[in-house]
Amino acid sequence: MRRTNTSTCIVVLSLALACGDGDGSPLAPTARTTQTGQPDGPPDPLAGRAKAEVCADPSLALIQWDFDQLQQGFHDLCCGNDGLPAESMECTLDWPFSDIPPCTAWAHMRNSIYARYGYPFTSGTWANEFEKTSWYVRRDDFKPDWMSPHAARNIARLQQNEADRVACSR
């Protein structure tokens with residue numbers, strides 16, 4: 001009888017350790033790393049994210065869809081069903097801005113896309129901003145070809161919007 005209890009305890013303990021961190025939440029998958037400590041392989045900023053989470057963050061939305069798709073059809077893409085609540089502020093206002101933003105907003109959106117892929121910023125401004133977030137992981141091995149086709153097109157679009165000062169104020 002004692003042997004069964006010990007075996008049962010070992011199994012239960014093993015399952016508890018494998019299934020969570022003690023507070024009921026599952027353990028995050030561990031990323032493989034290289035000898036330099038960098039994660040192995042390109043990041044996928046959309047992996048494991050629900051549609052509502054992607055829609056709530058412009059940088060993630062710009063990795064998932066083209067800028068024009070979002071600007072013309074954000075409500076259809078993101079609101080209701082498994083997306084954002086239809087009555088949420090994001091779903092009732094224009095995308096990406098409901099007012100005239102400063103022209104730096106285009107640079108912020110562009111650099112947010114880069115940050116999601118771990119771009120190693122050298123500018124103190126962007127490095128400081130993204131290092132304050134919980135999700136930014138600097139990748140010294142960053143490669144532009146890691147980006148989704150939407151992200152690459154959107155970066156070019158946002159860069160052009162900034163250069164042309166499209167719908168923004170100084």
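Data block above holds the structure.
Since we're looking at a predicted model, the values are computed, not measured.

*Asks:* Before we go on, may I ask you to explain the pattern of salt bridges in this structure?
*Replies:* Pairing is possible between side chains of opposite charge, provided their charged atoms come close. Overall, the coordinates contain eight salt bridges when judged by the stated rule. The partner of Asp-66 in a salt bridge is Arg-153, and the shortest N-O contact between them spans 3.0 Å. Taken together, the residues span a long stretch of sequence, with Asp-66 in the loop between α3 (58-64) and α4 (67-78) and Arg-153 in helix α8 (residues 149-164) at a distance of 87 residues. The exposure class assigned to Arg-153 is partly exposed, which follows from its relative accessible area of 43%.

*Asks:* Help me understand the environment of Val-166 in this model?
*Replies:* By the secondary structure assignment, Val-166 is in the segment after α8. Classification of Val-166 by relative accessible area gives partly exposed; the value is 32%. For the pair Val-166 and Ile-100, spaced 66 residues apart in the sequence, the C-alpha separation amounts to 9.7 Å. If near-sequence neighbours (up to four positions away) are discounted, Val-166 is found in contact with Trp-106 and Asn-161.

*Asks:* Please clarify how the nonpolar core should be interpreted in this entry.
*Replies:* Most often, soluble globular proteins keep nonpolar side chains buried together rather than apart. Core analysis: the largest hydrophobic core is formed by 36 residues, its most contacted members being Leu-62, Phe-74, Ile-113, Tyr-117, Phe-121 and Met-147. Breaking this core down by element, the ones donating at least two residues are α2 (51-56), α3, α4, α6 (104-116), α7 (124-131) and α8. Take this core: its biggest share by element is six residues, from α6. In this structure, Tyr-117 is in contact with Pro-43, Pro-45, Ile-63, Arg-139, Phe-142, Trp-146, Met-147, Ser-148 and Ala-151, ignoring residues within four places of it in sequence.

*Asks:* Explanation requested: the state of the cysteines in the structure shown.
*Replies:* Defined simply, a disulfide is a covalent bond joining two cysteines at their sulfur atoms. Considering all chains together, one arrives at three disulfides under this definition. There is a disulfide in this structure between Cys-55 and Cys-78, and the S-S distance comes to 2.2 Å. On the S-S bond that ties Cys-55 to Cys-78, the torsion sits near -75 degrees, and the link is left-handed. Taken together, the residues span a long stretch of sequence, with Cys-55 in helix α2 and Cys-78 in helix α4 at a distance of 23 residues. Classification of Cys-78 by relative accessible area gives buried; the value is 1%. Between Cys-103 and Cys-168 runs a disulfide, and the two sulfur atoms are separated by 2.0 Å. With the S-S dihedral at roughly 85 degrees, the linkage between Cys-103 and Cys-168 falls on the right-handed side.

Cut-offs used in this document
Residues numbered from 1 in each chain as written. Predicted model: local features only at pLDDT ≥ 70, side-chain atom pairs only at ≥ 80, totals over all residues. Heavy atoms only, no water. Salt bridge = Lys/Arg side-chain N within 4 Å of Asp/Glu carboxyl O. Helix = DSSP H or I, 4+ residues; strand = E, 2+ residues; numbered from the N terminus. Buried < 20%, exposed > 50% of the residue type's maximum accessible area, 1.4 Å probe, protein only. Contact = heavy atoms within 4.5 Å. Core = buried A, V, L, I, M, F, W, Y, C linked by side-chain atoms within 4.5 Å. Disulfide = S-S within 2.5 Å.

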